[in-house]
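Here is how the chains run, residue by residue.
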Amino acid sequence: MKKYLIVAVSLAFALMLSGCEFQKNKEKSINVYSWGEFIADGSDGTINVNEKFTEETGIKVNYKTFQNNEELFAKISGGGADYDVIIPSDYMVSRLIEKDMLEKINFDNIPNYKLISDRFKNLGFDPKNEYSVPYVWGMIGIFYNKKEVTAEINWDILWNEKYKNRILMFDNARDAFAISLLRLGYSVNTEDASQLREAADELIKQKPLVQAYVMDQIFDKISNGEAVLAPYYAGDAAVVMKNNPNIGFVIPKYASEKFVDSMCIPKGSENKELAEKYINFMCRTDIALANAKKTGYSTPHEEAYNLLDGDIKNNEIFYPDRETLNNSQTFVNLSEKTNKLIDELWVEVKSGGASQNPWNLVIILLGFAAAYLAVVVLKNSKRKK
Amino acid sequence: MKILNKIYMVLIFIFLYAPIFVLIAFSFNDSKSRVVWSGFTLKWYFKLFENQEILSAFYNTLIIATVSALVATILGTAAAVGISQSKKWQKKLIMNVTNLPMINPEIVTGVSLMLLFVFIYNTFGIFKPGLITLICAHTTFCLPYVILSVMPKLRQMDPHIYEAARDLGCDPLRAFMKVVIPGIMPGIITGMIMSFTMSIDDFVISYFAGGMVQTLPIAVYSMTRKIVSPEINALSSVMFIVVFVLLIVINFRQEKDRLRGAKK
Amino acid sequence: MKIKPNLFPYVLWMSFFVIVPLILVIIFAFSTPEGGFTLDNIIYATKYSAVFWRSIVLGAVSTFVCLIIGYPMAYCIAKIKANFQSVFIMLLMIPMWTSFLLRTYAWMTILEYNGLLNKLIAFLGFEKINMINTPGAVVLGMVYNFLPYMILPIYTVLSKIDKKVIEAAQDLGANKITVFKKVVFPLSLAGVVSGITMVFVPSVSTFVVSKMLGGGAILMIGDLIEMQFLGNAYNPYLGSAVSLVLMVIIMICMGITNKLDEDPNEQNMIL
């Protein structure tokens with residue numbers, strides 16, 4: 001009797017499973033892979049953009065988030081992930097193009113593309129504008145706690161002993177190195193190994209002062225006073241400063257990094273047309289406006305920008321002046337060799353730059369093996385007794 | 001001495017339970033702060049049950065845990081019986097393989113399964129990492145637990161009962177179903193419950209082998225990396241209470257079994 | 001070679017989902033992205049000696065701490081009335097069945113600079129201490145998560161010790177300390193050894209605890225592997241090489257403990 005019960009239960013589950021699969025096929029859906037805190041989600045009285053899209057088109061949106069460009073790259077080059085829309089930053093877009101991992105977008109399906117400001121078309125990372133639709137842009141700057149940080153804010157302050165253990169740092173190699181390079185006065189896109197080495201050494205020097213290497217946890221840690229200094233993306237300043245008026249945000253005038261995050265369709269997407277529908281939807285003025293208002297990121301959308309409140313439009317943080325913009329640099333994709341070097345240096349930074357004598361590992365392994373042999377010998381001698 | 005023992009035990013239990021009670025306490029906190037108390041509320045619980053992401057993750061977790069516990073139990077029980085009847089060297093070899101997933105660091109198991117699934121998907125285009133692969137992965141790491149809980153029961157069983165059933169005219173399958181299975185049932189059930197809980201709690205292997213499917217632990221992990229919301233506290237309180245009740249029920253059952261056994 | 005028919009699906013399953021994946025790890029560890037054979041990945045992995053060393057040290061420290069506080073606990077539980085023992089064991093297990101992510105996360109709340117513990121310290125009039133994101137915090141997290149794995153096997157062995165043996169020793173004039181040193185402790189060694197492995201293996205290879213309580217600044221082997229597969233530096237070949245080295249370390253450790261645990265008269269299963 002029990003046997004039949006087990007068989008019946010397993011059958012039921014098999015049916016249930018196939019049922020879901022079947023349902024999934026029938027119900028149109030797209031997978032969107034984006035940054036955290038990057039879309040109007042319906043909280044604080046904004047529109048829930050993804051729900052609205054489902055309402056209007058009947059297409060379900062599976063919205064997942066990543067922490068940084070490299071995580072996105074790992075996820076989609078590992079294979080097996082089928083995202084339909086991804087939102088990488090500039091340099092990652094060009095890396096993905098180079099690796100032939102993006103689909104060409106059919107711009108006929110995206111009539112709203114004309115609403116994107118011309119300043120954001122044909123940028124270096126996608127010179128012919130075939131693969132990407134700009135979603136947001138912004139600068140990198142520094143969050144600081146007005147109560148506790150009184151010194152002038154520039155990149156040097158992240159190396160200031162006075163704020164030991166109260167400084168946060170980017171948890172991704174490219175942004176962390178950019179800060180170190182900007183501080184040293186080098187290009188953020190340098191391929192010069194000795195400059196990168198120097199930048200890494202500075203980051204190693206900075207490490208004892210750093211409380212944690214984090215990404216979106218910065219919001220929390222800086223608002224509740226855990227940390228008093230943290231470099232991050234300008235767009236997030238709006239959210240943080242609203243939560244805690246004691247927090248300020250400064251974009252170092254003499255040199256900063258500007259980023260443009262664009263919507264792309266990765267190779268292998270099974271729902272290319274639906275993805276284009278989604279991208280087009282995101283470029284609609286009311287949606288772009290809602291996203292810009294909720295996330296705080298600067299919008300490349302002409303009409304949405306014009307509809308923003310004056311105090312945002314004129315805010316230096318979100319729409320900086322010419323000088324800051326002219327002094328800013330934009331990431332480009334680096335050569336494979338340099339990418340590998342940066343990854344290597346980054347692990348060195350995070351592991352404290354301790355002695356990297358390669359023989360240590362061999363010695364460790366030999367030590368373990370010796371211990372094993374010792375035990376065997378010991379046991380055997382005991383047995384003989 | 002006695003008093004010292006008691007104090008020591010209380011201290012250890014405080015160490016083990018303090019973090020959980022902190023989470024539970026702050027799940028009723030009105031403000032988002034994790035350290036300042038500003039009034040009682042239940043709103044995070046309501047928000048939790050409206051959170052689509054968590055609900056779908058919960059649904060995935062349940063499906064995966066149920067199916068993989070069932071598959072692992074059936075496969076594992078059959079295997080345990082088979083192992084007990086095998087020759088010695090075969091037994092040894094198979095038990096070594098059985099132990100592998102248990103001694104191997106979880107992260108290595110996860111990474112190796114990820115390589116396997118991605119490799120299969122990239123070469124044959126089947127088994128896209130997702131629900132199915134996760135069920136396979138979970139079944140794999142649950143199997144040893146089923147076998148290890150069924151084997152002792154098999155050893156305790158009197159082989160003559162099976163022979164007697166055969167002598168009385170049962171065919172092998174019938175004899176197995178009527179005699180062996182009831183005899184090892186407690187072991188099977190323990191194995192199934194263990195598999196189920198292991199599967200629900202697993203993070204590391206799902207994280208690597210799961211592709212795009214989100215299970216509850218993965219959802220929790222991504223929650224801890226974003227702006228922190230007290231929903232996560234509410235979630236942990238709910239999970240704690242559920243586990244607490246489940247364990248008490250199981251313990252109660254075992255106690256009853258024990259008493260019944262004692263009466264016999 | 002004949003295999004029992006009811007073993008067949010299991011053998012098939014395990015070879016496909018345990019053996020083949022491990023072989024894949026080995027293949028990846030020794031190949032280039034183009035598919036050729038190389039030793040570069042392994043040589044490259046040796047560059048991260050510091051990470052391996054740190055993981056082993058932190059793992060060993062937490063195992064030691066677990067042993068120091070876990071043994072007395074197991075001893076205490078084994079000494080209380082038999083009826084109540086199961087209740088205490090259950091109390092020990094309950095936290096284990098709650099998501100370890102959430103429990104570790106709770107420690108974040110407690111240890112933070114503005115966290116509960118520092119609030120208490122400040123309330124008592126002392127200077128705040130920087131506790132989170134230190135190696136100490138990581139060790140604490142590991143001890144917290146893996147302590148039951150140390151207590152349970154020791155308790156199991158202790159509770160099975162025949163009371164008569166102890167009584168015999170007492171009758172022969174041994175005092176409490178001598179009984180413990182000469183009788184109880186040697187008999188409980190098997191539990192200690194399996195406790196040590198059960199704590200050491202997950203501690204060495206953890207990546208969540210170090211990430212959450214170490215602030216990403218205390219890189220361990222687990223973090224390194226995760227970085228190569230899903231994180232910052234995508235390179236599954238190097239990741240496989242690191243995994244392979246980790247596996248070798250663990251296997252040697254298991255070999256040592258198994259040998260220690262081994263009954264001289266009986267052949268053991270692993271290694």
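As the structure is a prediction and not an experimental result, all values here were calculated from the model.

About the cut-offs
Residues numbered from 1 in each chain as written. Chains lettered and ligands numbered in written order. Predicted model: local features only at pLDDT ≥ 70, side-chain atom pairs only at ≥ 80, totals over all residues. Helix = DSSP H or I, 4+ residues; strand = E, 2+ residues; numbered from the N terminus. Buried ≥ 20, exposed ≤ 12 C-beta atoms within 10 Å, placed from the backbone. Expected span 1.5 Å × (residues − 1). Bend = angle between axes of the 7 residues up to and from the residue. Contact = placed C-beta atoms within 7 Å. Nonpolar A, V, L, I, M, F, W, Y, C, P; charged D, E, K, R; others polar. Pairing = 2+ DSSP bridges. Axes fitted to C-alpha atoms, helices over the stretch in contact; angles between N-to-C directions. Core = buried A, V, L, I, M, F, W, Y, C linked by C-beta atoms within 7 Å. Left-handed = near helix turned anticlockwise from the far one by under 90°. pLDDT = per-residue confidence, 0-100.

Draft legend 1. Molecular detail of the overall build of chain B. Scanning chain B for helices and strands turns up 11 helices and 0 strands. When its helices and strands are written in sequence order, chain B yields α-α-α-α-α-α-α-α-α-α-α. A principal-axis box enclosing the C-alpha atoms of chain B has dimensions of 75 × 65 × 35 Å. In chain B, which comprises 264 residues, the proportion classed as buried is 44%.

Draft legend 2. Examining unusual backbone geometry more closely. Residues and elements named next belong to chain A. If you check the backbone angles, Asp100 has positive phi at about 60 degrees while not being a glycine. Mapped onto the secondary structure, Asp100 falls in the loop between helix 4 (90-98) and strand 4 (133-145). At Asn165, a position not held by glycine, the phi torsion is positive, near 70 degrees. Here Asn165 is to be found in the loop between strand 4 and strand 5 (167-170). Take Asn165: there are 17 C-beta atoms within 10 Å of it, and that puts it in the partly exposed class.

Draft legend 3. Fine view of helix 6 (residues 131-156) of chain B. Compared with an ideal rise of 1.5 Å per residue, which puts 26 residues at 38 Å, helix 6 of chain B spans 38 Å between its outermost C-alpha atoms and is within 8% of the ideal. The largest bend along helix 6 of chain B reaches roughly 35 degrees and is located at B:Cys142, with the proline B:Pro144 sitting one to four residues downstream.

Draft legend 4. Broad picture of the interface of chain C and chain B. Listed per partner, the contact involves 59 residues of chain C and 58 residues of chain B. Residue contributions to the side of chain C that touches chain B peak at 13 residues, all from helix 1 (residues 8-29) of chain C. Considering only residue class, the side of chain C that touches chain B consists of 44 nonpolar, 11 polar and 4 charged.

Draft legend 5. View of the sheet that holds strand 2 (residues 60-66) of chain A. Residue and element names in this part refer to chain A. Spatial ordering of the open sheet is given by 2-1-3, a layout of 3 strands whose pairing is parallel. Only two strands of the sheet have a single partner each, and these edge strands are strand 2 and strand 3 (85-86). Against the sheet, helix 9 (residues 272-282) engages strand 1 (29-35) and strand 3, with an angle of about 50 degrees to strand 1.

Draft legend 6. The arrangement of the pairing of strand 9 (residues 256-263) of chain A in detail. Residue and element names in this part refer to chain A. Within strand 9, 8 of the 8 residues are buried, which leaves it mostly tucked inside the rest of the structure. Alternating residues of strand 9 divide into Ser256, Lys258, Val260 and Ser262 and Glu257, Phe259, Asp261 and Met263, and every residue in both groups is buried. Taken together, the 6 bridges between strand 4 and strand 9 define a ladder with antiparallel strand orientation. Following the sheet pairing, Gly138 is matched in strand 9 by Phe259.

Draft legend 7. Focus on the nonpolar core. Counting residues in hydrophobic clusters, the biggest one holds 272 residues, and the most contacted among them are A:Val85, A:Phe143, A:Leu229, A:Tyr278 and C:Val242. When residues of this core are assigned to their parent elements, the largest contribution, 17 residues, is made by helix 7 (residues 135-160) of chain C.

Draft legend 8. A look at the environment of B:Ile64. Residue and element names in this part refer to chain B. You can see Ile64 is positioned in helix 3 (residues 52-85). A count of 25 C-beta atoms within 10 Å places Ile64 in the buried class. Residues Ile64 and Gly125, spaced 61 residues apart in sequence, show a C-alpha to C-alpha distance of 22 Å. With near-sequence residues (within four places) excluded, Ile64 lies in contact with Leu131, Leu134, Ile135, His138, Ser199 and Thr215.

Draft legend 9. Geometry of the packing of helix 7 (residues 159-167) of chain B against helix 8 (residues 172-201) of chain B. Residues and elements named next belong to chain B. The interhelical angle for the contact between helix 7 and helix 8, taken along N-to-C directions, is 145 degrees, at an axis separation of 9 Å. Two packed elements cross with a definite hand, and for helix 7 against helix 8 that hand is right-handed. Here Ile161, Tyr162, Ala165 and Arg166 of helix 7 lie close against helix 8, whose contacting residues are Ala175, Lys178, Val179 and Val180. Residue composition of the contact of helix 7 with helix 8, by class: 6 nonpolar, no polar and 2 charged.

Draft legend 10. Structural detail: the confidence of the model for chain C. All names here are of chain C. A residue-level look at chain C finds 95% of positions with pLDDT of 70 or above and a mean pLDDT of 87. Overall, residues 264-271 carries pLDDT values under 50, and its contacts beyond four positions in sequence, including any with other chains, amount to 16 contacts. Listed scores for the predicted complex are pTM 0.88 and ipTM 0.88.

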